[in-house]
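# Remarks on the overall topology
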Amino acid sequence: MSIRIGIGYDSHRLVRGRRLVIGGVEIPHDMGLLGHSDGDVLVHAIVDSLIGALGAGDIGRHFPDTEPRWKDASSLEMLRHTLEAVGAEGYRVAWVDSTVITDRPRLSPFIPEMVRAIGGAGIGEGLLNIKAKTNEGMGLVGRGEGIVAMAVSLLEK
Ligand code: MG
């Protein structure tokens, strides 16, 4: 058996006039994440961790923000593409753990829906954990400037 592990990190700026999409779920809030795609910081961190586990560079290489195809696209579509690449290399996802860090809005009520949305893109519900944390008022997250996410993926074949 071959196993691979990958780490993913992402951050996006919070701005007015954008939808807030995290984990494939639209969350009611007065601000949203700025990005070429929908700015889904959690899905980007998961995608980056999968690309890392494949040893295939990073998310920017595979989904450049100059690519019209990904303009305002659902990041779940990027995840589907990445999972195809995982399968093409003969791997399957054994486990993904992830953390989203934001003081506002409160995300924990949306976690089950996020798990379902990401499951619909191909990571089985029993294979994904999502945690929501605050930063206790400190730093860029505490000031409400942006939202941060981290993920670790384990692949096996
Ligand atoms: Mg991103």
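Residues numbered from 1 in each chain as written. Predicted model: local features only at pLDDT ≥ 70, side-chain atom pairs only at ≥ 80, totals over all residues. Heavy atoms only, no water.

## Notes on the coordination of the magnesium ion
- Those protein atoms acting as donors to the magnesium ion are Asp10 (OD), His12 (NE2) and His44 (ND1), and they sit at 2.1 to 2.3 Å.
- Linear spacing of the donor residues for the magnesium ion on their chain is D-x1-H-x31-H. Here Asp10 is found in strand β1 (residues 3–15), whereas its partner His44 is found in helix α1 (residues 41–54), with 34 residues between them in sequence.
- Judged by its relative accessible area of 16%, Asp10 falls in the buried class. (Donors = N, O, S within 2.8 Å, 3.2 Å for Na, K, Ca; no water. Helix = DSSP H or I, 4+ residues; strand = E, 2+ residues; numbered from the N terminus. Buried < 20%, exposed > 50% of the residue type's maximum accessible area, 1.4 Å probe, protein only.)

## Re the pattern of salt bridges
- Counted by the stated rule, this structure contains 9 salt bridges.
- Between Asp72 and Arg18 there is a salt bridge, and its shortest N-O distance comes to 3.5 Å. Separated by 54 residues along the polypeptide, Asp72 in the loop between α2 (59–62) and α3 (75–88) and Arg18 in the loop between β1 and β2 (21–22) bring together distant segments of the chain.
- On the basis of relative accessibility, which here comes to 45%, the residue Asp72 falls in the partly exposed class.
- Judged by relative accessible area, Arg18 falls into the partly exposed class, the value being 23%. (Salt bridge = Lys/Arg side-chain N within 4 Å of Asp/Glu carboxyl O.)

## Let's talk about the packing of aromatic side chains
- Scanning the model with the defined rule gives 1 aromatic pair in all.
- Both rings, one in Phe63 and one in Trp70, keep their centres 5.0 Å apart while their planes meet at 85 degrees; by these two values the pair is edge-to-face. Like Phe63, the residue Trp70 is buried in the burial classification. (Phe/Tyr/Trp six-rings, centres within 6.5 Å; stacked < 30°, edge-to-face > 60°.)

## Some details on the sheet that holds strand β5 (residues 92–101)
- The 5 strands lie next to each other as β4-β1-β7-β5-β6, forming an open sheet whose pairing is mixed. The open sheet has two free edges, formed respectively by β4 (32–33) and β6 (128–133), since each of these has just one partner strand.
- Pairing of β1 with strand β7 (residues 146–156), which is carried by 11 bridges, proceeds in the antiparallel orientation. Bridge pairing in β7 places His12 opposite Ile147. (Pairing = 2+ DSSP bridges.)

## Description of the environment of Val115
- When you line up the elements, Val115 lands in helix α4 (residues 111–120).
- Assessed through its relative accessible area of 12%, Val115 is described here as buried.
- In this structure the C-alpha to C-alpha distance between Val115 and Arg104, which are 11 residues apart in sequence, comes to 20 Å.
- Excluding anything up to four places from it in sequence, Val115 contacts Glu125, Leu128 and Ile130. (Contact = heavy atoms within 4.5 Å.)

## Some words on the packing of α1 against α3
- Interaxial distance between α1 and α3 falls to 9 Å at its minimum, and their mutual angle equals 15 degrees. It follows that α1 is roughly parallel to α3 by the angle criterion. The element α1 and its partner α3 pack so that their crossing is left-handed. Contacts between α1 and α3 involve Val43, His44, Ile46, Val47, Leu50, Ile51 and Leu54 on the former and, on the latter, Ser75, Leu76, Met78, Leu79, Thr82, Leu83, Ala85 and Val86.
- Each residue belonging to the contact of α1 with α3 can be placed in one class, and the counts come to 12 nonpolar, 3 polar and no charged. (Axes fitted to C-alpha atoms, helices over the stretch in contact; angles between N-to-C directions. Parallel < 35°, antiparallel > 145°, perpendicular 65-115°, else oblique. Left-handed = near helix turned anticlockwise from the far one by under 90°. Nonpolar A, V, L, I, M, F, W, Y, C, P; charged D, E, K, R; others polar.)

Nothing here speaks to function; it is all geometry.
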